Each structure stands twice: as C-alpha cells, then as structure tokens.
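In case you want the letters, here they are:
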Amino acid sequence: MHRLALCRGRRGVLLERLVDALRGLKLSRLMMTNWYGPAEFSLSTSRDIPIHDGASPSHDQSKDKIGSLIGHVVLDDSIYITSEQDGSLLPLGMPGEICIAGTMVANGYLDASLDDGVFVKNPFATPQDLEQGFTTMYKTGDRRLVEKDGSITFLGLTQRGSTVVKPRGLRIDLNEVTGAVLEAAPDDLADLADAVVTVLGEPQYLVCCEVFQPGRHVENQQLMDLLQTLHLPRYMIPATIVVLDSLPLVPNGKLDLELIQNLPLLTPTTSSGQARSQVPMPNGEQLTEIEERLRALWIDVIVAVARTAEIGLHSSFLAVGGNSFLLAHFQHAIKREIEVEIPLCQLGQASELRNMAAVIDAAR
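This report concerns the structure included in the present document. Predicted model only: the values in this text are computed from it and were never measured. (Residues numbered from 1 in each chain as written. Predicted model: local features only at pLDDT ≥ 70, side-chain atom pairs only at ≥ 80, totals over all residues. Heavy atoms only, no water.)

**A look at the packing of helix H8 (residues 289-301) against helix H12 (residues 353-363)**
Under the convention used in this document: Lines are fitted to the C-alpha atoms to define the axes, a helix being fitted only along its stretch in contact, and any angle between axes, read from their N-to-C directions, falls within 0 to 180 degrees. Note on conventions: DSSP H or I runs of at least 4 residues are helices, E runs of at least 2 residues are strands, and numbering of each starts at the N terminus. Helix crossings get a hand from a simple test, with the near helix turned counterclockwise from the far one by less than a right angle marking a left-handed crossing and a clockwise turn marking a right-handed one. The contact criterion used is simple: two residues touch if any of their non-hydrogen atoms lie within 4.5 Å. Note that Gly is not counted as nonpolar here; it falls among the polar residues with everything else outside the nonpolar set of Ala, Val, Leu, Ile, Met, Phe, Trp, Tyr, Cys and Pro and the charged set of Asp, Glu, Lys and Arg.
Two elements in contact, H8 and H12, have axes whose closest approach is 9 Å; the angle formed by their N-to-C orientations is 120°. In this structure, H8 crosses over H12, and the sense of that crossing is right-handed. Here Ile290, Glu291, Leu294, Arg295 and Trp298 of H8 come into contact with H12, specifically with Leu353, Arg354, Met356, Ala357, Ile360 and Asp361. The residue inventory of the contact of H8 with H12, partitioned by class, reads seven nonpolar, no polar and four charged.

See the structure below:
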C-alpha cells in the first residue's frame, strides 16, 4: 500500500522538520508532495520527496536541497525566469525573478491600484495563449533558478519583494533572522510551528513573533536563552521573542505585517511606572538603592521590549533588548538622574546590572 502526505508552500527549516518527522514514523512506501503556489496563482509547481523507512536521506535529499527546492512546473502553467534589470528571459541555470502565467493566474487584486508592476501583460505569450485569453503574467518578487532537471530552486527575494531593513544603518534580512531562529530551536522547543521577525520602534529594534503547537506553554527564559544561541552578528539578534496564538494573515493568505506591528503585546507602554511594574524580577533577589535605580533606568530606556524579560542582578543590558544606540541613551539617563558620568566603553564592558551598579558606586 502506498501512502501520500501532502503539504503546501513549506520550505526552509519548517519543511526540513516536517520531512524529519515523517521519516521518524518509519512507514514504508511513504511519499510527501509539497505544492507551491503564491496566493495570486492557484498552483504552479509540485515536488515529490521520498520518505524512506527512517533511513538517512540521499545526497540530493539533504537539508540544503530540501529547504530550497520547490519542484517542477505542473501542466498548463508557464513559468519564466526573467532579468531583474530589463525583464528579459534568462537561460537555464541563471537566477532571476520568477514570473507565472497560465490557466490559473488571477486577473489582479481587488484593489486595482496594487496591480501595477505585479500583474502585467505577458510579453512571452504564445499565439495559443492569446487565442485562449491567457494574457496576464504575475511577477512574484521571488528569485529562483531552473535546475538542469527542470526543477526550480528558491534563492530569496528580489529587490521589489525584499525583506531587507536597515535599522541604525545596518543591513538586515529579516528572512535570514527568521530562518536562524527556526534553525536554532532546541529539542525542548521542537514544537515551534512558525515565526516571523519584524522591526519596531524608534530607535528601531527587532522583535521575533513565534507560534507554537496548540496547548504548548513556553517559559520566557527558554525564549531568551534561544536568542543567545543564534549564529548571527549581535546587531541581527532580536531584542525579544513574543509568543502568539497564530500569525495574522491578510485575505490572500500572506502575513499581515502591519497588524503584527500593532499587536498590543508589541506596543510600547506609555507610562514608565506602569512598564516597571510589569517587568518580572528573579525570585529572591534583593537590590541595593543604586541597583534599583539602575533597573528602573534600564526599563525606561528599553521600555518597549524590556518588559518581556526578567531583569535582575545578573541580567545583561544586551540580552534584555539593549544595543549600542540605547546604551548611549542609558549613559545620558545616568548623568541626568544619578549625576554621574560614566564612559560608554566602561558601561558596555560592565554589561550586567550589578556590575554597572558597582562602576557607578565607585565613581560617586
């Protein structure tokens, strides 16, 4: 008896985990088919992934391939790999923007103002296409290339569909950060179902929103520990992780990033006193007067994100959402509130709350 598992649109780490989980079932004759198709198009490619009896995948099924291959074009669809500069067709093996045409491409968005540069007249339509009225081409904003066997590999996003941001002038690809979070999730967070990283606030900082399987309770410290294991430069590590029941979507099935950015959990507290009362303190810790004052200043400076993490004597300024830009704000706050001027490099080296308090005590 043959068994078939179907999924749609999964790629990267989440697809790798799904394949690993299916292999763990050790079911014979199990095949998984991953369908790919943007919301603007009913279906464009499919990919069959053999699931063996718990055996290790062969070379062409290794994780670097599983996460990026999306399969072969289905019948009656037309896929073009075009130049991002002039829109011309590219030869086999050359990366470019993937454009889709055929029987199931949409006519456009309900809001026609969004169609410009996305739903365009198909310059590659054949006489048969024109006769049947298939004249529209959808430009996906995805970068891909066609392999020698006709399968398509996902390479990322074009400039039009880019998720690159530049907080504090530093270039960050939000998809790269999201992938690193999913990749780094340890065994005790193996039921992490999805994640998205976004930019919030002024000055800007990164926040990771995560969704776990229903009924799963995750301790805040587990999430903060996860951030410290990411194999990313410090400036690319999110300031905090917020757990959501689900990621909000727009009607066409894509992430509603605007709604995510305005969720109450991510909205900065307007009152410093209210924010301070919401920040948990490790059990049993007693703070001196200067430590208490510094803790309050930390929360005021990192008000939008600090309330999602415990802040105690051994907390690190960077680990609870601080960065070099906010450290400069903190330095000015110390001078204003405590009337002590501490060099920025000394504050950075101290890092932990208790060490900063010791530096200030010594300077008073």
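There is more to say, and it comes next.
**So, the packing of aromatic side chains**
Applied cut-off: The pairing test for Phe, Tyr and Trp rings, Trp by its six-membered ring, is centres within 6.5 Å, and the orientation test on the planes gives stacked under 30 degrees, edge-to-face over 60, and tilted for anything in between.
Under the defined criterion, the tally for this structure stands at six aromatic pairs. Taken together, a centroid distance of 5.1 Å and an interplanar angle of 80° make the contact between Tyr109 and Phe119 edge-to-face. In this pair, Tyr109 sits in the loop between strand E6 (96-102) and strand E7 (119-121) while Phe119 sits in strand E7, placing the two residues 10 residues apart along the sequence.

**A short note on the pairing of E6**
Worth spelling out the cut-off: For each residue, the accessible area found with a 1.4 Å probe, counting protein chains only, is set against the maximum for its type, and the residue is called buried under 20%, exposed over 50%, and partly exposed in between. The criterion for strand pairing is that DSSP finds at least two bridges linking the strands in question.
For E6, the buried fraction is high: seven of the seven residues fall into the buried class. Pairing of strand E5 (residues 77-82) with E6 involves six bridges; the strand directions are antiparallel. Residue Ser78 lies in a different strand from E6, and its bridge partner there is Ala101. Pairing of E6 with strand E8 (residues 136-146), which is carried by five bridges, proceeds in the antiparallel orientation. The residue bridging Ala101 from the neighbouring strand is Met137, located in E8.

**Here we look at H12**
Quick note on the threshold: An arc is given here, and it is the one of the directions from the helix axis to the C-beta atoms.
Among the residues of H12, those classed as buried are Leu353, Met356, Ala357, Val359 and Ile360. Summarising the axial view, the buried residues of H12 lie within an arc of 160°, below the 170-degree limit, and thus occupy one face.

**Here's the deal with the pairing of strand E13 (residues 205-212)**
For clarity, the threshold we go by: The definition of a right-handed crossover adopted here requires that, viewed with the strands pointing away, the path from the first strand over the helix to the second runs clockwise.
With respect to burial, E13 is a largely interior element, eight of its eight residues being buried. Residues Tyr205, Val207, Cys209 and Val211 line one face of E13 and the alternating positions Leu206, Cys208, Glu210 and Phe212 line the opposite face, and both faces are buried. For strand E12 (residues 192-200) and E13, the ladder comprises eight bridges, and the chain directions are antiparallel. Residue Val197 lies in a different strand from E13, and its bridge partner there is Cys208. Taken together, the five bridges between E13 and strand E14 (residues 240-244) define a ladder with parallel strand orientation. Its bridge partner being in E14, Val211 is matched across the sheet by Leu244. With helix H5 (residues 220-228) bridging E13 and the parallel E14, this β-α-β connection has right-handed handedness.

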